[in-house]
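What the coordinates show
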Amino acid sequence: MRKRISLLAAGALVALGPAAVPAHAADPVFTLAGPAGIGLRPHPGQSGEPQKTSVKFRIVNDSTKTFDRQSTFTIDLSGLKGVADVKLAEEKGADCKLTAAAVTCTRWALWTGESTVVDLDLSATKDSKVGATADLTLTGKAEGATFTSVTTKVRVGGPDLVLERARLKAEQKPGDKQNLSIIFANEGTDPVNGVVLEMRTTHGIDLVEQYDNCSYSDDTRADQPRNAGWSTVQCLLEGEYEPGALYGVDGPLTLKAAPHAFIDGLTYAVYAAGDQPKAAKAAKDGAPAAGDQQKAAKNRGPAAGNKLAAAKQAPKASARSAQPAADLEPRNNIQKFDFATRNTADLVATGVSLKGGVGETVTADFGFRNDGPAWVAYLRSGKEVARTDIFIPAGAKVTKVPAGCTGVNADGTHRDQTLGAPRYFCSTGHVVGEKETFAYPFQLKIEKVVAGAEGSITVGEWTPEGTTGQRWDPNHANNKAAFVINAKGSGPAPTPTATTSATPAPTGSATPTATAAPSASATGTGVTANGGLASTGSSAQVIALGSAALLVVGGGLFLAFRRKAGGHA
């Protein structure tokens, strides 16, 4: 006989259902991301052809697990009619289809972290008017997940700040000064209300003047070696900057090569006020630090009693717009420059002497110091500045190896086992401060007492076989020191094979290797660069660099300043 259930009992089950299993209680929430706004060059563009502007939409999976269900993403394009034409970029991201009405993309899984949903190329339509706007909204859906949408406002026209490249000398010597001339134009269709001038310099370059309307900060964080050692200045230049007009900063900006300068960089840029990199929290003086990488920066307040300003140099035709828009071409807002200072850095290996009996475990710090006067930072390539090459004396076996050190065979070839190796290579990473000491703490077990057993510690440039003296090191004789266990007699610990010589007069220019990756720098005093820790006994760290914004010699990778007839000298 078929069983029946009463309406009362069924109602009770329905009531219990949601309480027992809350709907979507465990569903992950994913964030969709994109720019707040973009500006399009009015048709037909400066070249006579429509100029595209790219917009990238992304998804952020902040969870620790991959979402392994199919997701669908949609952008409604109906609002772009009469405003912009759309194409899928070559690097479009997910599996996407474009129609006149919408862009639809499919993802079969969402990996942890941030990834691209779609890249679109937009250009103003033939009949579009300056000031026309439309919204692009990205939405997503998937079974078992929730997505927060994102909207990007598209606008035809906008400001376009273009920064001229200053004439600076790349070759210099410590103490040299030169003026940084800042000239920029607004080549867009809209005025800019207030401009922020940002200047970032590495550890060996100082900006002499200080102004009341500028904020000053130094990044000294040891956990961010690519940024450590950079100083940032942001100055608010008040006023309205008209389309078609050329402006020059009215006030001296003097760059000075520090005594420790060697391979250094400068980045300078202009932004519409409010569009500059996010500032860190203000210090006691209320002056904000510049750049979102400056969150833990050490801040300095302005000391001068005057303000920096910009003056119009060549008035031109002016256009007006009631609604501010994004910069039409942000890449021409910024310039970068590299300096090679004639200087030297003396690396001195540190000798070690140990005593112990059979079965004892001893600890030793192997390494070197930089007697300067220069700091050394490979700002583009990110390659290690120096390698420490350690030969272990007979009778001892390494039982603990610090990070940043690798065991090799006696001839320097690869070895699978790190512990118990006869030889070790240790890397500094890409920055060595001008008065920095590197020490790598090892533990060794004395398996056999060998009177006068001797190894060595050598510092220098990497080679497949070990090391060789750096071209900028003036005294290669002190690059090697002894490592002795149970030395004969009771004399003091051995010193390096040669004492540090007096600092020589500057020799030939040290020109940085023109490879393509920015790196950043670290201060040589008070900052341990790249995890190479010395007197603290902490382990040295190997720094693996990711991609970043490039410091480029010359202007080859940057857009030239577009001069307009009649206004640009």
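Residues numbered from 1 in each chain as written. Predicted model: local features only at pLDDT ≥ 70, side-chain atom pairs only at ≥ 80, totals over all residues. Heavy atoms only, no water.

Thoughts on the overall build of the protein
Broken down by element type, the protein carries one helix and 38 strands. A burial count over the protein gives 49% of its 569 residues as buried. Within the protein, contacts between residues separated by at least 24 positions form 80% of all contacts whose residues are at least 6 apart in sequence. If you sum the accessible surface of the protein, you get close to 26900 Å²; carbon and sulfur atoms cover 53% of it. (Helix = DSSP H or I, 4+ residues; strand = E, 2+ residues; numbered from the N terminus. Buried < 20%, exposed > 50% of the residue type's maximum accessible area, 1.4 Å probe, protein only. Contact = heavy atoms within 4.5 Å. Areas by Shrake-Rupley, 256 points an atom, 1.4 Å probe, with all protein chains shown as cover.)

Here we look at the sheet that holds strand 17 (residues 205-207)
Strand order in the open sheet made by the three strands is 14-21-17, with antiparallel pairing throughout. Two strands bound the open sheet, and with one partner strand each, they are strand 14 (177-179) and strand 17. Mean inter-strand twist for the sheet, computed between neighbouring axes without regard to direction, equals 25°. Pairing geometry for strand 14 and strand 21 (residues 254-257), over three bridges, is antiparallel. Across the sheet, the residue bridging to Asn 179 is Thr 254, located in strand 21. (Pairing = 2+ DSSP bridges. Axes fitted to C-alpha atoms, helices over the stretch in contact; angles between N-to-C directions.)

Thoughts on the pairing of strand 36 (residues 453-463)
Along strand 36, eight of the 11 residues are buried, which leaves the element largely enclosed by surrounding structure. In this structure, strand 36 lies alongside strand 38 (residues 480-485), joined through six bridges in antiparallel fashion. Counted as the bridge partner of Glu 454 is Val 484 from strand 38. What sits between strand 36 and strand 37 (residues 466-468) in their antiparallel hairpin is a turn of two residues.

Overview of the nonpolar core
Residues Phe 366, Ile 392, Phe 442, Leu 444, Trp 472 and Phe 483 are the most contacted members of the largest nonpolar core, which totals 40 residues. Per element, the largest residue contribution to this core is five residues, and it comes from strand 35 (residues 437-446). If near-sequence neighbours (up to four positions away) are discounted, Leu 444 is found in contact with Glu 360, Thr 361, Val 362, Ala 364, Phe 366, Ile 392, Ala 396, Lys 397, Val 398, Thr 399 and Phe 483. (Core = buried A, V, L, I, M, F, W, Y, C linked by side-chain atoms within 4.5 Å.)

As for the state of the cysteines
By the definition in use, this model includes three disulfides. In this model, Cys 96 is linked to Cys 105 through a disulfide, with the two sulfur atoms separated by 2.1 Å. As the torsion about the S-S bond is roughly 110°, the Cys 96-Cys 105 disulfide counts as right-handed. Residue classification places Cys 96 among the buried residues on the basis of a relative accessible area of 5%. By relative accessible area, which is 2% here, Cys 105 ends up buried. In this model Cys 214 forms its disulfide with Cys 235; the gap between the sulfur atoms is 2.0 Å. When the S-S torsion is 110°, as for the bridge of Cys 214 with Cys 235, the disulfide is right-handed. Taken together, the residues Cys 214 in strand 18 (residues 214-218) and Cys 235 in strand 19 (residues 231-241) connect sequence positions 21 residues apart. (Disulfide = S-S within 2.5 Å.)

Digging into the side chain of Arg 387
On the secondary structure map, Arg 387 appears in strand 30 (residues 387-391). Buried and unpaired, Arg 387 has Glu 384 as its nearest opposite-charge partner, separated by 4.0 Å. Separated by 3.1 Å, the side chain of Arg 387 and the backbone oxygen of Gly 466 make a polar contact. Once you skip the residues sitting within four places of it in the chain, Arg 387 turns out to touch Phe 425, Cys 426, Thr 458, Val 459, Gly 460, Trp 462, Thr 463, Gly 466 and Thr 467. (Lys, Arg positive; Asp, Glu negative; His and termini not counted. Salt bridge = Lys/Arg side-chain N within 4 Å of Asp/Glu carboxyl O. Polar contact = N/O pair within 3.5 Å; in protein donor to acceptor, adjacent residues only side chain to side chain.)

Side note on the side chain of Asn 343
Residue placement: Asn 343 occurs in the loop between strand 25 (334-341) and strand 26 (345-350). In terms of polar contacts, Asn 343 uses its side chain to reach the backbone carbonyl oxygen of Pro 259, at 2.9 Å. Side-chain polar atoms of Asn 343 contact the backbone oxygen of Ala 261, separated by 2.9 Å. Beyond its immediate sequence surroundings of up to four residues, Asn 343 is in contact with Pro 174, Pro 259, His 260, Ala 261, Phe 262, Pro 373 and Ala 374.

Here's the deal with the environment of Ser 353
Mapped onto the elements, Ser 353 comes out in strand 27 (residues 352-354). Its relative accessible area of 30% is what places Ser 353 among the partly exposed residues. Sequence spacing of Ser 353 and Ala 364 is 11 residues, and the spatial spacing of their C-alpha atoms is 8.6 Å.

Digging into the pattern of salt bridges
Going through the model one piece at a time under the given rule, you end up with 10 salt bridges. Across the pair Lys 153 and Asp 135 runs a salt bridge, and its minimum N-O distance is 3.0 Å. With Lys 153 in strand 11 (residues 150-156) and Asp 135 in strand 9 (residues 133-141), the pair connects residues that are 18 residues apart, well separated along the chain. Exposure remark for Lys 153: the relative accessible area of 36% places this residue in the partly exposed category.

Describing the confidence of the model for the protein
Of all residues in the protein, 71% have pLDDT values of 70 or greater, and the mean over the chain is 77. Every residue in residues 1-23 scores below 50 in pLDDT, and together they form two contacts with partners more than four places removed in sequence or on other chains. The model gives residues 490-569 a pLDDT under 50, and that stretch makes 217 contacts with residues more than four places away or in other chains. (pLDDT = per-residue confidence, 0-100.)

A few points about the sheet that holds strand 6 (residues 95-98)
Sheet strands line up and pair through hydrogen bonds in the backbone, either parallel or antiparallel. Within the open sheet, the six strands sit side by side as 2-11-9-4-7-6. Their pairing is mixed. Since the sheet does not close on itself, it has two edges, and those belong to strand 2 (37-40) and strand 6, each with one partner. When the angles between neighbouring strand axes are averaged without regard to direction, this sheet yields 20°. Here six bridges tie strand 4 (residues 71-76) to strand 7 (residues 102-107), and the two strands are oriented antiparallel to one another.

Quick notes on the pairing of strand 20 (residues 246-250)
Counting buried positions along strand 20 yields four of five residues, so the element is predominantly enclosed. The sheet contact formed by strand 15 (residues 183-186) and strand 20 spans three bridges and is antiparallel. Considered in strand 20, the bridge of Ile 183 is made with Gly 248.

Quick look at the environment of Ala 261
With respect to the helices and strands, Ala 261 occurs in the loop between strand 21 and strand 22 (263-272). Judged by relative accessible area, Ala 261 falls into the buried class, the value being 0%. Through-space distance from the C-alpha of Ala 261 to that of Trp 375 is 6.6 Å; in sequence the pair is 114 residues apart. Once residues lying within four places of it in the same chain are set aside, the contact partners of Ala 261 are Gly 204, Thr 341, Asn 343, Ala 374 and Trp 375.

Details of the packing of aromatic side chains
Under the definition given, this model contains 12 aromatic pairs. Ring geometry for Phe 30 and Phe 67: centres 5.4 Å apart, planes at 65°, overall edge-to-face. Of this pair, Phe 30 sits in strand 1 (residues 29-33) while Phe 67 sits in the loop between strand 3 (53-61) and strand 4, and the two are 37 residues apart along the sequence. Ring centres 5.6 Å apart and planes at 40° place the aromatic pair Phe 30 and Phe 147 in the tilted group. Here Phe 147 lies in strand 10 (residues 146-148) and Phe 30 lies in strand 1, a separation of 117 residues in the sequence. Within the aromatic cluster, the residues linked to one another by ring pairs are Phe 30, Phe 67, Phe 73 and Phe 147. Its end group placed over the ring of Tyr 378, Lys 383 keeps NZ or CZ at 4.9 Å from the ring centre. (Phe/Tyr/Trp six-rings, centres within 6.5 Å; stacked < 30°, edge-to-face > 60°. Lys NZ or Arg CZ within 6 Å of the ring centre and 35° of its normal.)

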